[in-house]
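As a plain string of letters, each chain reads:
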Amino acid sequence: MPRYAANLTMLFQEHDFLDRFDAAGRAGFRFIEYMFPYAFEAAELRARLDRNGQTQTLFNLPAGDWPGGDRGIAVQPGRQDEFRAGVYRALDYAEVLYAGVQGPKLVNVLVGKADADEATTRKTVVSNLQYAADRLGEAGLTLIVEPLNPYDVPGFYLYGTQNTLDLLDAVGRDNVKLQYDFYHMQRVEGRLTETVRANLDRIAHIQLADVPGRHQPGTGEINYPFLLAELDRLGYAGSVGLEYIPEGRTEDTLGWLKQLQEA
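Residues numbered from 1 in each chain as written. Predicted model: local features only at pLDDT ≥ 70, side-chain atom pairs only at ≥ 80, totals over all residues. Heavy atoms only, no water.

Caption draft 1: Representation of the layout of surface pockets in the model. Quantified by volume, the largest pocket comes out at close to 280 Å³. Along the walls of the largest pocket sit 19 residues, with Met35, Trp66, His184, Arg214 and Glu243 positioned nearest its centre. Across the lining of the largest pocket, the residue classes break down as 8 nonpolar, 6 polar and 5 charged. (1 Å grid on protein atoms, 1.4 Å probe; cavity = no way out; pocket = protein on both sides within 12 Å on 5 of 7 lines; lining within 4 Å. Points joined across faces, edges and corners; volume = space filled by probe spheres on them. Nonpolar A, V, L, I, M, F, W, Y, C, P; charged D, E, K, R; others polar.)

Below, the structure is given as structure tokens:
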């Protein structure tokens, strides 16, 4: 079965962030992801991972002024220096969080909302992602690029799988892959199984939540027992991040996962 990673940005919100590692450990999670580590010292995060026998699977590059509305800055001309500084900040955290980790070491980038003409925007984002990929590659890391959906994030530059793959082609780096989020892609395009089958070699990480509502599997329209079994059949070797909004206490929303693991 795929490795299931608890996304601590979304799950266990009934606890303070640092205490979510322990809560996830008690629930049986040995793989951990979250959006941003930068409010905490890397060593403090690593200590929480270590005491629960957990492995970091994913975190994001800095994404600008998140409370102010930024959802990444890679597409924004004039902020290249800020973007590059963020790459080095992420590298500092990766050195600690991924030390000794065997297997994929992923850093996700949200490219942001476009505010310039297409030609300028494209040139900016391609250059920034090439820079990030080269610096991360020197450290043995993989850069993953995530498309979102226009309903949750209006104005975001990347919607849908093919638009993202076209961007990855333009970047032209072997260590740049797709992060495929079932929730976002169901909202923007559907055809989840066909898309995964056609592009598995380019997908480095998968995330999930159900539609509508972005809650746990079994609360909406996505047939997760079929879809996750298909990942097994295809030999998907990456992780699946549980990036959903729990209905109630997180521990009470994990019955679907227990059923899969017992099947």
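Caption draft 2: Up close: helix α5 (residues 161-171). Residues of α5 that are buried: Thr161, Thr164, Leu165, Leu167, Leu168 and Val171. The arc that holds every buried residue of α5, seen down its axis, measures 155°, which confines them to one face. Tucked inside the fold, the buried residues of α5 contact α4 (118-138), β5 (142-145), β6 (176-181), α6 (182-188) and α7 (192-199). (Buried < 20%, exposed > 50% of the residue type's maximum accessible area, 1.4 Å probe, protein only. Helix = DSSP H or I, 4+ residues; strand = E, 2+ residues; numbered from the N terminus. Arc of directions from axis to C-beta. Contact = heavy atoms within 4.5 Å.)

Caption draft 3: A look at the packing of aromatic side chains. One pass over the full model with this rule turns up 13 aromatic pairs. Consider the rings of Phe17 and Phe40, whose centres lie 5.3 Å apart with planes at 15°: the pair is stacked. Taken as a pair, Phe17 in helix α1 (residues 17-26) and Phe40 in the loop between β2 (31-33) and α2 (42-51) lie far apart in primary sequence, 23 residues in all. According to the relative accessible area criterion, Phe40 is partly exposed, its value standing at 24%. An aromatic cluster is built from Phe17, Phe21, Tyr34 and Phe40, whose rings are joined through pairwise contacts. (Phe/Tyr/Trp six-rings, centres within 6.5 Å; stacked < 30°, edge-to-face > 60°.)

Caption draft 4: Structural view of the UniProt feature "domain: Xylose isomerase-like TIM barrel" (unreviewed entry) in the chain. UniProt annotation of "domain: Xylose isomerase-like TIM barrel" (unreviewed entry) refers to residues 21-259 when read in the numbering used here. Secondary structure over residues 21-259 splits into 41% helix and 14% strand, and the C-alpha atoms at its two ends are 23 Å apart. (UniProt positions renumbered as here; feature names shortened; annotations may be inferred.)

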